[in-house]
Amino acid sequence: MNTSSDPAPGDWSWPFGDLAAAVVDRAGIVRQWSGTAAELLDRTAAEVCGRPIRQLLEAAPDTSGGAGRAVLRHRSGRPVEVAFHALRLEGSADLLLLAAPIREVTDCHQGTALLRALLAQDQLGLAFHDTDLNIVRTNLSGGAAVTGRRRLNEVMFPEDADEIGLALRRVLDTGVPLIDREHRARSRLAPGWWSTVALSAFRLEDGKGCPTGVAVVLTDLAERGRRLDLRHEASARIGGSLDVVRTAQDLVDVLVPAFGDLAWASLADPVLDGDEPPKLAGAGSWHLRRIAAASVGPWPAGFIPPGLADPPVPDLPVLRRVQRGETVLVPDRAAALAMAEGHPELIPLLIPERGHSAVSAPLFARGLVLGAVAVWRTERPEPFDQADADLLTEIASRAALSVDNARRYTREHRAAVALQQRLLPQATTDSPAAETAGFYRPAGGGADIAGDWFDVIPLPSLRVAFVIGDVAGHGLHATATMGRLRAAIYTLADLEMEPDELLAHLDDLVRQLAGEAPRGHQDTVGATCLYALYDPVTGHCALASAGHLPPVVIWPDGTAQVIEVVPGPPLGVGGMPFELAETVLPPGSTLALYTNGLIERADEDFDAGIRRLTDQLAARFRSGRTLDDIGRSLLADTGDDPPPDDIALLLARTRALSPDSTASWELPADPAVVADAREAVTRQLAAWGLADLAFTTELVVSELVTNAIRYGGGPVVLRLIRDQVLVCEVSDPSNSQPRLRRARATDEGGRGLFLVAQLSARWGSRYGRSGKTVWVEQSLTGVTPLVLEV
């Protein structure tokens, strides 16, 4: 850009049409009075000359160096504020006073300052034309200097000059301004230079309203378009991911090659983990890691590649500027080398070999400097300017907010995932009833969490419960709801309810949770659940479903089949019963429980997905693979794309106790059979090699059978189960639950269950379809004879 000016005499009128003049002698007496002064104050020379000048002042003038401001008195009495200047006449003691209305002087000063500022703009072209449309002053050279008075067709192609000239002539003739009219401008002074410009033109007038020329404002539409395109691209691409590294990579991909030839982004190490960056100042290690980079060609050899930490930086002024959140413009290579003066080891690491201009902006968001982005030009010849620095500041600010959002999401997601992992059970279990393997995959490839879960709950008498469930919705609230449901199921399962009864109680709980939810969110609280209860003694499996998908069983021969379970309503709906389904699972059968994320596909319905899963399970189990391998293979078959919904899968391979591990007797409701029960138990324990437990077991059996006959009637069924523990069960037709209480010293009874509790590892009771069962467990590890002190 350059500024040229060559006005001819007479082209411009005197700017101060009301300039007043007066001559004042040493005593302050007015000696001469101009006609404009008479017009200004409505006082003739005859009235003023010979009188002191102070009589015309409203107040003492404000002067400095012979110039200042004063308030004069008009004939009408109104004040007239003027700016004045006093000049001493050569060879005389008299002063020449020049004054003009303050508004005209202010307008002149402001207009001059505005004109000077506009002419200094690089991104805004300005040209002044006289009434013949000659260019008399401009800062727009089009790549070559414009000096002197030039006609339009002397500086641009004739067809372009004619088109623009006609537009300017209309403005000059009509006074109607032209706003943002698009024109092509090709320079004759700089061959090959051309641009499409937005032209705005305004007619210039003197104080009397007579046209004096045209002012033209030009904006380079090509450059403005490139900047607008870059802003649009940055707005569209940056911030579309909640991954910190992906967001940084999107930033440099937007900048190269549209803005520069080489760019990188560095972030503080804590930001990558979701934490706030340290607040550092001055030299030393900034703990930045270069995590994203882009280049129009191969990455320069020896330059810090992505993934490595940035080197410690000395206490340079440029570092402090970045740490304060300022953008740094490096106009040429000499300036870049000067910044690293005294530290030559930094030059090959931070300044590319062919880099001639750079701009670096901090990633500054919410008062935190998260990192920085740097852009170099190595191939494009034009250097970065201040407008480029301002543009990078804008883009970096937007990117910094996106990086900070991703950082905060990383922190919250990490906490939510940790919570969910803590709430899920261990992935594999191994019990006398079954070998199990559980799998969970969050939605979005780990970017989202929800409330899918599985559970394996060991129960008394070596039984086990298998649970699979899916809470409605996603996010932390779904995870929290899942945790509450798991705790509730554990509690209800410990009461040894049948699956349909347990789901009915769980349904009441979910409706209570919905009632506690904030207004407008009650409908979002709900879940599906499948509960299966397996008994390894009989192989019996009872199931009930609350709107959940049916399980698949893989029989020992490798065939797979869907277990038909009538699904009740999802938990939280209420008002409907849950139906019980029953089946017998031979040893070696595998039960597959899953959530809908495992079978969902856009091109098939649930029935087709279940059939596909059944076929996959059959094929994999025939190959003799482990449960862990099968589960991982099924998850891998869902595809490489992140699943839209989370997935929970539970595989349970059943076991059965051998017939010689159990013994049972049916006893009539006769107190005399208590002794027979003790003898039968003693013989069975001796046969199992557990004679050391005979005394304590006799006491337990005697107490339980006596209570059953006394309070429950007959028949009474006594059963022993031997595995990792010794289980003693007594069943009777009564529905009254035994209750442990502390007997007083004078009570004749009430100490039986207390004695049972002291002799056993744990005890309890459960309801059956008719009557109840009281069970007692004794540990088989470290068995020692019981010695009672008398």
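Residues numbered from 1 in each chain as written. Predicted model: local features only at pLDDT ≥ 70, side-chain atom pairs only at ≥ 80, totals over all residues. Heavy atoms only, no water.

Chemist: Any details on the nonpolar core? Residues and values, ideally.
Modeler: Counting 51 residues, the largest nonpolar core has W453, F466, L503, L506 and Y531 as the members making the most contacts within it. Setting aside residues no more than four positions away along its own chain, L506 makes contact with L485, A488, I489, L492, C529 and L571. Of all hydrophobic cores here, the second largest spans 38 residues; its members include L230, V254, A365 and A396. (Core = buried A, V, L, I, M, F, W, Y, C linked by side-chain atoms within 4.5 Å. Buried < 20%, exposed > 50% of the residue type's maximum accessible area, 1.4 Å probe, protein only. Contact = heavy atoms within 4.5 Å.)

Chemist: Tell me about the sheet that holds strand β19 (residues 434–441), and name the residues and values.
Modeler: The 6 strands are arranged β18-β19-β29-β28-β24-β25 in an open sheet whose pairing can be described as antiparallel. What marks the edges here is a single partner per strand, and that holds for β18 (428–430) and β25 (560–562). Looking at each pair of strands side by side, their axes are set apart by 15° on average, direction ignored. In the packing of helix α15 (residues 606–622) onto the sheet, the strands contacted are β24 (552–554), β25, β28 (590–594) and β29 (647–654), and the crossing angle to β25 comes to about 150°. (Pairing = 2+ DSSP bridges. Helix = DSSP H or I, 4+ residues; strand = E, 2+ residues; numbered from the N terminus. Axes fitted to C-alpha atoms, helices over the stretch in contact; angles between N-to-C directions.)

Chemist: Can you lay out the pattern of salt bridges for me, pointing to particular residues and giving the numbers?
Modeler: Overall, the coordinates contain 37 salt bridges when judged by the stated rule. One salt bridge in this structure joins R463 and E496, with 2.7 Å as the shortest N-O distance. Pair noted here: R463 is in the loop between β20 (450–458) and β21 (464–474) and E496 is in the loop between α13 (476–494) and α14 (499–516), with a separation of 33 residues, a long-range link. Of the residues examined, E496 reaches a relative accessible area of 5% and is grouped as buried. The structure contains a network of salt bridges with shared partners spanning E233, R237, R246, D250 and D253. (Salt bridge = Lys/Arg side-chain N within 4 Å of Asp/Glu carboxyl O.)

Chemist: Report on the sheet that holds strand β13 (residues 262–268), specifying residues and quantitative values.
Modeler: The strand order across the open sheet built from 5 strands is β14-β13-β17-β16-β15, with neighbouring strands paired in antiparallel fashion. The open sheet has two edge strands with one neighbour each: β14 (288–295) and β15 (328–330). Averaged over all adjacent pairs, the angle separating strand axes in this sheet is 15°, with direction ignored. Pairing between strand β16 (residues 357–365) and strand β17 (residues 368–377): 9 bridges, direction antiparallel. Within β17, the residue paired with L363 across the bridge is G371. In the packing of helix α7 (residues 244–255) onto the sheet, the strands contacted are β13, β14, β16 and β17, and the crossing angle to β14 comes to about 40°.

Chemist: Requested: an account of the packing of aromatic side chains, with residues and values cited.
Modeler: This structure, assessed with the given rule, holds 3 aromatic pairs. Cation over ring: R290 sits above F303, and NZ or CZ is 5.6 Å from the ring centre. (Phe/Tyr/Trp six-rings, centres within 6.5 Å; stacked < 30°, edge-to-face > 60°. Lys NZ or Arg CZ within 6 Å of the ring centre and 35° of its normal.)

Chemist: Pulling in residues and values, what's your account of the pairing of strand β8 (residues 125–129)?
Modeler: Counting buried residues in β8 gives 5 out of 5 residues, a clear majority hidden from the surface. Side chains of β8 alternate between two faces, with G125, A127 and H129 and L126 and F128 buried alike. When β8 meets strand β12 (residues 211–220), the two strands line up antiparallel, connected through 5 bridges. Note on β12: the bridge partner recorded for H129 is V214.

Chemist: Tell me about the packing of α7 against helix α12 (residues 386–423), and please be specific about residues and values.
Modeler: Contact geometry of α7 with α12 gives a least axis separation of 8 Å together with a crossing angle of 165°. Judged on the interaxial angle alone, α12 and α7 are roughly antiparallel. In this structure, α7 crosses over α12, and the sense of that crossing is right-handed. Of α12, the residues touching α7 (which contributes V244, T247, L251 and L255) are L392, I395, A399, S402, V403, A406, R407 and T410. Looking at the contact of α7 with α12 residue by residue, the class counts come to 8 nonpolar, 3 polar and 1 charged. (Parallel < 35°, antiparallel > 145°, perpendicular 65-115°, else oblique. Left-handed = near helix turned anticlockwise from the far one by under 90°. Nonpolar A, V, L, I, M, F, W, Y, C, P; charged D, E, K, R; others polar.)

Chemist: Please provide a residue-by-residue account of the environment of R73, values included.
Modeler: Turning to its location among the elements, R73 is positioned in strand β5 (residues 67–73). Apart from residues no more than four positions distant in its own chain, R73 is found in contact with L41, R43, Q55, L56, L57, E58 and R78.

Chemist: Explain the packing of α12 against α13 to me, and be specific about the residues and the numbers.
Modeler: Contact geometry for α12 and α13: axes closest at 10 Å, N-to-C directions at 15°. The pairing of α12 with α13 is recorded here as roughly parallel in orientation. As for how α12 packs across α13, the hand of that crossing is left-handed. For the pair formed by α12 and α13, the contact residues are A416, L419, Q420 and L423 on the first element and L476, T479, M482, G483 and R486 on the second. Tallied by class, residues from the contact of α12 with α13 come to 5 nonpolar, 3 polar and 1 charged.

Chemist: Report on α15, specifying residues and quantitative values.
Modeler: With 17 residues, α15 should reach 24 Å at 1.5 Å per residue; the first-to-last C-alpha distance of 24 Å fits that figure. Within α15, the full set of buried residues consists of A608, G609, I610, R612, L613, T614, Q616, L617, A618, R620 and F621. Looking at the packing, one finds that the buried side of α15 touches β24, β25, β28, α16 (627–636) and β29. For α15, the side-chain oxygen to backbone nitrogen distance between the N-cap and D607 is 3.3 Å, and the N-cap itself is D605. Once α15 finishes, G624 follows within two positions and takes phi at roughly 75°, a positive value. (Expected span 1.5 Å × (residues − 1). Polar contact = N/O pair within 3.5 Å; in protein donor to acceptor, adjacent residues only side chain to side chain.)

Chemist: Outline the confidence of the model for the protein, supporting the account with residue identities and numerical values.
Modeler: On average, the protein scores 84 in pLDDT, and the residues at 70 or more come to 89%. Every residue in residues 142–146 scores below 50 in pLDDT, and together they form 16 contacts with partners more than four places removed in sequence or on other chains. Within the model, the stretch residues 784–790 combines pLDDT values under 50 with 8 contacts to residues more than four positions away or in other chains. (pLDDT = per-residue confidence, 0-100.)

Chemist: Help me get a handle on unusual backbone geometry, residues and values and all.
Modeler: A cis amide bond links V256 with the next residue in sequence, P257, at an omega value of 5°. That bond from G714 to P715 is cis: its omega, 0°, falls within 30 degrees of zero. Checked against the element boundaries, P715 lands in the loop between α18 (694–712) and β31 (716–722). A positive phi angle, near 55°, is found at D42, a position not held by glycine. The residue D42 is located in the loop between α1 (35–41) and α2 (45–48) in this model. The class for D42 is partly exposed, based on a relative accessible area of 39%. At L462, a position not held by glycine, the phi torsion is positive, near 65°. With respect to the element layout, L462 can be found in the loop between β20 and β21. L462 sits in the buried class, given a relative accessible area of 10%.

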